[in-house]
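Examining the three-dimensional arrangement
These are the residues of each chain, in order.
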Amino acid sequence: MPVLTAPEGSDPASLAFDALKKAETDGADLLMIDTAGRLQNRADLMEELAKIVRVIRKIDPSAPHNTLLVLDATTGQNALSQVETFQKLADVTGLVMTKLDGTAKGGVLVALADKFGLPIHAIGVGEQIDDLAPLRSSRIRRRPDRSGDMIEERAA
Ligand SMILES: Nc1nc2c(ncn2[C@@H]2O[C@H](COP(=O)(O)OP(=O)(O)OP(=O)(O)O)[C@@H](O)[C@H]2O)c(=O)[nH]1
Ligand SMILES: [Mg+2]
């Protein structure tokens, strides 16, 4: 898989621009732009992210076609403001949550997906490549029976 990089300190938006140009020229099916970690309270880095979006839209006004926000389960409730800020700036279309193998419970994930109407693409449960797995809902579900009592049953 071809990977494009640029020296440290160069403009990430211009790297993204060159990468999209090359992807189009090469007839690539997919271009993945992996931006380095950033905090939503770092205005300069958030502006850098917005610039990446603006610049690639000069080539393809419908880009980026998907924007995944990767959250760390250890962030806890702070994830809420993270999704809010990134949603405004980069039009997030889906979530990934890593480090669910640790002590963090990540219960906030389902609430986030629900509140923002975002799909959960994957969860991270370890450091190996296979540890990025799809999220499966519990195979046990609870529902009221005819008399209104809650019963548990195993989902198909
Ligand atoms: N235990 C565990 N470790 C993880 C998980 N996901 C990532 N890691 C580890 O966390 C560290 C950072 O992972 P990266 O993929 O580099 O994180 P990143 O968000 O891309 O970091 P930046 O690019 O620097 O912003 C690595 O040591 C990973 O192996 C996970 O689900 N569980
Ligand atoms: Mg990274």
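It should be emphasised that the depicted structure is a prediction, and the values quoted were computed from it without experimental measurement.

Observations regarding the site of ligand 1
Taken together, Ala36, Gly37, Val70, Thr98, Lys99, Asp101, Gly124, Val125, Gly126, Glu127 and Asp131 are the residues near ligand 1. Counted by class, the shell around ligand 1 contains three nonpolar, four polar and four charged residues.

Re the nonpolar core
In this structure, Leu69, Leu71, Ala73, Ala79, Val83, Leu95, Met97, Val108, Leu112 and Ile123 together form the largest nonpolar core, which totals ten residues. For this core, the secondary structure elements donating two or more residues are strand S1 (68–72), helix H3 (79–90), strand S2 (94–98) and helix H4 (108–116). For Ile123, the contacting residues outside a window of four places in its chain are Met97, Leu100, Ala133 and Leu135. Membership of the second largest hydrophobic core comes to six residues, among which are Ala19, Leu31, Ile52 and Ile56.

A word on the domain arrangement of the protein
Assigned domains within the protein: domain 1 (1–65) and domain 2 (66–156). A straight line from the C-alpha centre of domain 1 to that of domain 2 covers 26 Å. The interface is formed by seven residues belonging to domain 1 together with eight residues belonging to domain 2. Each residue belonging to the side of domain 1 that touches domain 2 can be placed in one class, and the counts come to five nonpolar, two polar and no charged.

Looking at the sheet that holds strand S4 (residues 132–133)
Here four strands make up an open sheet; going across it, the order is S1-S2-S3-S4 and the pairing mixed. Two strands close off the open sheet at either side, each with one partner strand: S1 and S4.

Describing the environment of Asn41
With respect to the secondary-structure elements, Asn41 resides in the loop between helix H1 (12–26) and helix H2 (43–59). Given 10 C-beta atoms within 10 Å, Asn41 falls into the exposed group. Sequence separation between Asn41 and Asp145 is 104 residues; the distance between their C-alpha atoms is 48 Å.

A look at the confidence of the model for the protein
On average, residues of the protein score 87 in pLDDT, and 93% of them reach the 70 mark or higher. Within the protein, the element-level pLDDT minimum falls on strand S5 (residues 140–144), averaging 66, and the maximum on H1, averaging 97.

Calculation criteria
- Position labels on residues start from 1 in each chain and follow its written sequence.
- Labels follow written order: the first chain is A, the first ligand is 1, and so on.
- Only residues with pLDDT of at least 70 are given local features in this predicted model, and only at 80 or more are side-chain atom pairs given and counted; all residues enter the totals for whole chains, interfaces and linings.
- Working rule for contacts: place C-beta from the backbone, and if it is within 6 Å of a molecule or strand, that residue counts as near it.
- Here the nonpolar group is Ala, Val, Leu, Ile, Met, Phe, Trp, Tyr, Cys and Pro; Asp, Glu, Lys and Arg are the charged ones; every other residue, Gly included, is treated as polar.
- Nonpolar cores are identified as sets of buried Ala, Val, Leu, Ile, Met, Phe, Trp, Tyr and Cys residues joined via C-beta atoms within 7 Å.
- Any residue with 12 or fewer other C-beta atoms within 10 Å of its own C-beta is exposed, any with 20 or more is buried, and the rest are partly exposed; the C-beta atoms used are placed from the backbone.
- Numbering of helices and strands starts at the N terminus; helices are DSSP runs of H or I of at least 4 residues and strands are runs of E of at least 2.
- What counts as a contact is two residues whose backbone-derived C-beta atoms lie within 7 Å of each other.
- Domain start and stop positions are those given by an automatic or database domain assignment.
- If DSSP finds at least two bridges between two strands, the strands pair.
- The predictor attaches a confidence to each residue, and that confidence, scored 0 to 100, is pLDDT.

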